[in-house]
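Secondary and tertiary structure notes
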2 protein chains.
Amino acid sequence: MNVMNESPRRKELTRQAAQLFVQEGFDRTTVRMLAQEMGIKSGSLFHHFRDKQEILAAVIEEGTQNALVMARDALARCDSSADARLHAMARAHLETLLTDRNAHVVALYEWRRLDPEARAHLSHLRDAYETLWEQVIDEALAEGLIHGDRFLVSRFVMGALNWTVRWYDPEGPRTPDDLADELVAMITRRPA
Amino acid sequence: MNVMNESPRRKELTRQAAQLFVQEGFDRTTVRMLAQEMGIKSGSLFHHFRDKQEILAAVIEEGTQNALVMARDALARCDSSADARLHAMARAHLETLLTDRNAHVVALYEWRRLDPEARAHLSHLRDAYETLWEQVIDEALAEGLIHGDRFLVSRFVMGALNWTVRWYDPEGPRTPDDLADELVAMITRRPA
DNA sequence: CGTTTACACTAGCGCTTGCTTGGTTGACCC
DNA sequence: GGGTCAACCAAGCAAGCGCTAGTGTAAACG
């Protein structure tokens, strides 16, 4: 059992697991269902993952890692004005939420099913991401672009953004960038 | 099996079930755990509820029903200015989220575990609540208190509010009213 | 060539799950 | 004081669960 590796095979299996976790929820997804989706038998699954928990952790790690990379890239690519950076973060957030939807839905809904060790490890990743947000919020506050409590504003913004997975329809008329722009407009006191 | 009634006994059992569902998640909560928490044996549980699903539906119905009543009362109690009504809705929302926290956390996290019939029934309740919000948002838009797309603004606000169950600490320095006021300030373009 | 390695299989163990069945208890009612 | 009824219990069934053990196989390696 080569449990620790980052093989492309394992990446693909993780992606398929995410799909099922979204459809059925973690607890209702059996190892037999996972195996069938992957085109193997349930026993073979444990060649790639130590146990079912590890599959969940892999899914969430993937999604969070990607979000962090996307956000850092987006910040690196834009100028230093708080407005530009706020837009960049919001757009990057919504873009990962779309392209990597399954993994993020799992991260949002099944976080509590992680065992304590996995949770501790993944908390660091998530904290790094949230710190990015707080920095950008701080800059916007410093420039007078927005007002209010830094802690509360960043929580409110994260909530508004994450809630989109509940109602956003990719087939609808609105693009993720539309949402991002409207949200930033809403909190920066400029007409949309 | 007196399944349909609204006995006070059943209300109390529902409250205890909500507690467990929050702690363990619906799927991980066994009927034996529920029975123990209720001080009865697992078999006796099915005297009060048809099956495990019905307990979940009862928990969510309770919470949503209460939220609807609270919101309507709050609106009835305040004057007709959009600002006052916006505050009233936000405060009422956060107050139920606090006093009825268990039921609302279950509604937010375990909604997808409902079977189709229960979901259809409860959707109406939830829609009624969301319609209230959209009306108040409409009034605020009409008065020029806020700007933007009615649909998007109400979704963003609901997201920001519902996300609070993730991070809000009732023991902390902030009251629910503080949060409500800060949120309204954030979207109405007035300094906090 | 023989050995190793990655990946898959079959078969099933030990346990837990939601739920059923058949029966007991005690409070209330005419 | 016999009948009714809500509330509970003891016992257990059939199904499904995560996971393990042991084996097969084909490609890669020296």
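Here the structure is a predicted model, which means the values were calculated and not measured.

**Brief notes about the protein's contact with DNA strand C**
Taken together, 17 residues surround DNA strand C, and among them Lys41(A), His48(A), Thr30(B), Arg32(B) and Lys52(B) come closest. For DNA strand C, the backbone makes up 57% of the atoms found within 4 Å of the protein, where backbone means sugar plus phosphate. Residue Lys41(A) places a main-chain N or O atom 2.5 Å away from a phosphate oxygen belonging to DNA strand C. Interatomic distance of 2.8 Å between a side-chain N/O atom of Arg32(B) and a base nitrogen of DNA strand C. Residue assignment for the surface near DNA strand C shows that the elements contributing at least two residues are α3 (42-48) of chain A together with α2 (31-38) of chain B.

**Re the interface of chain A and chain B**
It is common to give the size of an interface as the accessible area lost on bringing the parts into contact. Tallying the contact residues gives 39 residues for chain A and 39 residues for chain B. Of the roughly 3700 Å² buried between chain A and chain B on both sides combined, carbon and sulfur atoms contribute 60%. Here chain A is connected to chain B by six salt bridges. Linking Arg113(A) and Glu110(B) is a salt bridge whose minimum nitrogen-to-oxygen distance equals 3.2 Å. Joining chain A to chain B, the criterion identifies 12 residue pairs in polar contact (both at pLDDT 80 or more). For the side of chain A that touches chain B, the secondary structure elements donating two or more residues are α1 (8-24), α6 (101-109), α8 (150-162), α9 (164-167) and α10 (176-188) of chain A. Residue contributions to the side of chain A that touches chain B peak at nine residues, all from α8(A). A class-by-class count of the residues in the side of chain A that touches chain B yields 19 nonpolar, seven polar and 13 charged.

**Some details on the packing of α10(A) against helix α8 (residues 150-167) of chain B**
Where α10(A) contacts α8(B), the axes come no closer than 11 Å and their chain directions differ by 75°. Here α10(A) is positioned roughly perpendicular relative to α8(B), judged by the angle of their axes. Between α10(A) and α8(B), the residues in contact are Leu179(A), Glu182(A), Leu183(A) and Met186(A) and Leu152(B), Val153(B) and Phe156(B), respectively. Residues belonging to the contact of α10(A) with α8(B) are distributed by class as follows: six nonpolar, no polar and one charged.

Thresholds, definitions, all that
- Each residue is numbered by its place in its chain's sequence as written, counting from 1.
- Note on labels: chains are lettered from A, ligands numbered from 1, in written order.
- Since the coordinates come from a predicted model, pLDDT governs what is reported: local features require at least 70, and pairs of side-chain atoms require 80 or more to be given and counted, while whole-chain, interface and lining totals use all residues.
- Remark: hydrogens and water are excluded; side-chain values derive from all non-hydrogen atoms of the structure.
- Note on definitions. A residue lies near a molecule or strand when any single heavy atom of the residue is within 4 Å of it.
- Contacts described as polar in this section are N or O atom pairs within 3.5 Å, which, within protein, must combine one atom able to donate a hydrogen with one able to accept it, while residues neighboring in sequence count only if both atoms come from side chains.
- Starting at the N terminus, helices and strands are each numbered in turn, a helix being any DSSP run of H or I of at least four residues and a strand any DSSP run of E of at least two.
- Only heavy atoms matter for contacts: two residues are in contact if any of them lie within 4.5 Å across the pair.
- Buried area is a sum: the accessible area each of two parts loses on coming together, probed at 1.4 Å, counted once for each and added.
- Salt bridges, as used here, are contacts in which a Lys or Arg side-chain nitrogen is within 4 Å of a carboxyl oxygen on Asp or Glu.
- Side-chain classes follow a simple rule in which Ala, Val, Leu, Ile, Met, Phe, Trp, Tyr, Cys and Pro form the nonpolar group, Asp, Glu, Lys and Arg form the charged group, and the remainder, Gly included, forms the polar group.
- Here an axis means a line fitted to C-alpha atoms, over the contact stretch when the element is a helix, while the angle between two N-to-C directions is reported on a 0 to 180 degree scale.
- Working definition: roughly parallel below 35 degrees, roughly antiparallel above 145 degrees, roughly perpendicular at 65 to 115 degrees, and oblique for all remaining angles.

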